[in-house]
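Inside the fold
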Amino acid sequence: RATGTGQRAALPPNRIMASLMRWMIGLGGTGDAEEGEREVPKESPSEVQEWKTLIRFDGFLSLPPTERYHVTSPEFACFGRQWMLRLHPNGEENSGDGMVALYLVHLSEESLRVQFSFCIRNSFGQNIGLVHLRPDEELDAEGFWGSRNFIKRSVAVASLVEGALAIEVRMKRIADVDPKGEIFIPQNPMCKNIHNKFMDENSADVVFEVGGGTAVSPAIFHANSFILKDCSQTLSDLCKLGRNINEPIEIADVKPGIFRHVLYYIYGGKVADEDIKTYSKEIVEAADKYGIVNLKLEAEACLVKSTTISTENMIDHLLYADAKNCALLKEAVMDFIIENGIEVAERVSLKGVSSDLFEDLLAAVNRGKKSDANSKEGEGTFGTMRISDLRRKLDERGLDIDGSRESLVAALEEHSGRCANDG
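Residues numbered from 1 in each chain as written. Predicted model: local features only at pLDDT ≥ 70, side-chain atom pairs only at ≥ 80, totals over all residues. Heavy atoms only, no water.

Examining the overall build of the protein chain
- Each helix and strand in the protein chain was counted, giving 16 helices and 13 strands.
- Here the protein chain holds 423 residues, and 42% of them are scored as buried.
- Long-range pairs, those at least 24 residues apart, make up 66% of the contacts in the protein chain with a sequence separation of at least 6.
- Accessible surface, the protein chain: about 23,300 Å² in total, of which carbon and sulfur atoms supply 50%. (Helix = DSSP H or I, 4+ residues; strand = E, 2+ residues; numbered from the N terminus. Buried < 20%, exposed > 50% of the residue type's maximum accessible area, 1.4 Å probe, protein only. Contact = heavy atoms within 4.5 Å. Areas by Shrake-Rupley, 256 points an atom, 1.4 Å probe, with all protein chains shown as cover.)

Structure (structure tokens):
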């Protein structure tokens, strides 16, 4: 016997368990479907956008062990349509060995576009065997969708609640598509227009000659001074150093490929993930040199993710992070020191390391002593926040997000103090 109960919002496990105890619990498993007690949502199921129902197949173990045997749930209403579940406790013709098959059946005449999922709810309120499906077409009348290999029968048996298999079904309506097609609304072209100015010789008023040598010609890059002025003050200043307007600007200390990435980013482009991973250090250095902060921090984050810190290389990473103001990389080294303190103490000499670096180490130690909740409370805990949290707060306040931990903390504390005085 299958019973069903539906409601709009998800219930926490303790409420689900309390409800399960109130619902009909039957044994015998004849395959007949009976409607269980139903908790009606405040809104009509045809009006809400998300809905769920809980279906119980009682006496699961006593259902016939025939491969093609199935049992259906009572019908339930959702989005103004009628539905039911069809359970094959021992699978169906195309199921794998020892698998249970489960399908959602649409009974109404009118078709409907929905997302749906179903899973087993065990006695602890946990989801087991979640299946999430989004059909590419509408659910027609008497159509069914689901999985011939929903879950192993042994797992289903282990998840029974008082002998019943409890299936939770969630449904979400997909907005109907206008048969006339979606109305086209063009986007603001400004970003595209700026992007199209990249390497546009006709509109450029600046020429960079990058690289080159005795036997190699330099790479030529055309740019617009008004774009450089807003994105890189350093490059903009190079354009003003008493040069003739037709005189190229020589860039000798950056490789042409790296300079191209930097210039492309200035014009609104995105550096390919593979390139930023391969040339993360070079991009960090060039972006730092020309004051392209966001690109520098993006490349630094990629460097941190792709770097494995060890006792053999930690000093090199620490010195590099200090030299380039890479606070995130420095924090990663500090985390490694804290997590591997004994090994670091035995194998690594910190002689010659700047004493300022120990302030970051102290912050890492103090951060480890605080809970995550305490480390994010109030404005008085900036000193123990992680670098990403500091940068996020600075960005939200419109402040500079580049610099050492000390400078980031100082900027936040100063801003906080000004806001307190103004308030």
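That covers the picture; the talk isn't over yet.
Observations regarding the packing of helix H10 (residues 314-323) against helix H11 (residues 327-339)
- Their axes nearest at 8 Å, the elements H10 and H11 cross at an angle of 150 degrees. In terms of orientation, H10 and H11 fall into the roughly antiparallel class. Here H10 runs over H11; the crossing is left-handed. Each of Met314, His317, Leu318, Tyr320, Ala321 and Asp322 in H10 lies in contact with H11, whose residues at this interface are Leu329, Lys330, Val333, Met334, Phe336 and Ile337.
- Looking at the contact of H10 with H11, its residues break down into 9 nonpolar, 1 polar and 2 charged. (Axes fitted to C-alpha atoms, helices over the stretch in contact; angles between N-to-C directions. Parallel < 35°, antiparallel > 145°, perpendicular 65-115°, else oblique. Left-handed = near helix turned anticlockwise from the far one by under 90°. Nonpolar A, V, L, I, M, F, W, Y, C, P; charged D, E, K, R; others polar.)

Overview of the pattern of salt bridges
- The full count for this structure, using the stated rule, is 19 salt bridges.
- For Asp273, the salt bridge identified is with Lys270, shortest N-O distance 3.8 Å. An identical accessibility class is assigned to Asp273 and Lys270; each is exposed.
- Here Glu414 ties to Arg418 by a salt bridge, and the two come within 3.2 Å at their closest N and O atoms. Residue Glu414 and its partner Arg418 are both found in helix H16 (residues 405-422); the two are separated by 4 residues, about one turn of the helix.
- On the basis of relative accessible area, Arg418 is assigned to the partly exposed category, the value being 39%.
- One continuous salt-bridge network, built from bridges that share partners, spans Lys52, Arg121, Glu168 and Arg170. (Salt bridge = Lys/Arg side-chain N within 4 Å of Asp/Glu carboxyl O.)

Describing the packing of helix H6 (residues 256-266) against helix H8 (residues 280-290)
- One can describe the packing of H6 onto H8 by two numbers: an axis separation of 10 Å at closest approach and a directional angle of 60 degrees. When the interaxial angle is binned, H6 and H8 end up oblique. Viewed along their axes, H6 and H8 form a crossing whose handedness is right-handed. Contact residues: Ile258, Phe259, His261 and Val262 in H6; Glu282, Ile283, Ala286 and Tyr290 in H8.
- Partitioning the contact of H6 with H8 into residue classes produces 6 nonpolar, 1 polar and 1 charged.

A few points about H8
- Burial in H8 covers these residues: Ser280, Ile283, Val284, Ala286, Ala287 and Tyr290.
- On its buried face, H8 sits against helix H5 (233-238), strand E13 (249-251), H6, helix H7 (273-278), helix H9 (293-306) and H10.
- Trailing H8 by a residue or two, Gly291 shows a phi angle of about 70 degrees, which is positive.

Quick word on unusual backbone geometry
- The backbone of Phe79 sits at a positive phi, close to 55 degrees, despite the residue not being glycine.
- With respect to the secondary-structure elements, Phe79 resides in the loop between strand E4 (76-78) and strand E5 (81-88).
- The phi angle at Met199 is positive, at roughly 60 degrees, despite the residue not being glycine.
- Relative to the helices and strands, Met199 is located in the loop between helix H3 (190-196) and strand E11 (206-210).

Details of the pairing of E5
- Burial of E5 is extensive: 7 of the 8 residues sit out of reach of the surface.
- Sheet topology note: the strand E3 (residues 71-72)/E5 ladder contains 2 bridges and is antiparallel. Within E5, the position partnered with Val71 by the bridge is Leu87.
- Taking the residues between adjacent antiparallel strands as the criterion, E4 and E5 are bridged by 2 residues, where Phe79 takes a positive phi near 55 degrees. (Pairing = 2+ DSSP bridges.)

Topic: H6
- Burial in H6 covers these residues: Ile258, Phe259, His261, Val262, Leu263 and Ile266.
- Immediately downstream of H6, the backbone of Gly268 shows phi near 90 degrees, a positive value.

What about the pairing of strand E6 (residues 99-106)?
- Burial runs high along E6: 8 of the 8 residues are buried.
- Every second residue of E6 is oriented toward a common face, with Met99, Ala101, Tyr103 and Val105 on one face and Val100, Leu102, Leu104 and His106 on the other, all of them buried.
- By the bridge criterion, 6 bridges tie E5 to E6 in an arrangement that is antiparallel. Bridge assignment links Met84 to a residue of E6, and that residue is Val105.

A short note on the packing of aromatic side chains
- Applying the stated rule across the entire model yields 9 aromatic pairs.
- Relative to Tyr290, the ring of Phe259 lies with its centre 6.2 Å away and its plane at 85 degrees, an arrangement referred to as edge-to-face. With a gap of 31 residues between them, Phe259 in helix H6 and Tyr290 in helix H8 connect regions that are remote in the sequence.
- Three or more aromatic residues joined by ring pairs form one cluster here, namely Phe208, Phe221, Phe259 and Tyr290.
- Above the face of the Phe144 ring, Arg86 is positioned so that its terminal group lies 4.4 Å from the ring centre. (Phe/Tyr/Trp six-rings, centres within 6.5 Å; stacked < 30°, edge-to-face > 60°. Lys NZ or Arg CZ within 6 Å of the ring centre and 35° of its normal.)

Quick word on the sheet that holds strand E12 (residues 219-223)
- Strand order in the open sheet formed by 3 strands is E12-E11-E13, and the pairing between neighbours is mixed. Whereas interior strands pair on both sides, the edge strands pair on one side only; in this sheet they are E12 and E13. For this sheet the average axis-to-axis angle between neighbouring strands, irrespective of direction, equals 30 degrees.
- As paired elements, E11 and E12 share 5 bridges and run antiparallel to each other. Paired with Val207 across the strands is His222, a residue of E12.
- Contacting E11, E12 and E13, H6 runs over the sheet at an angle of about 10 degrees to E12.

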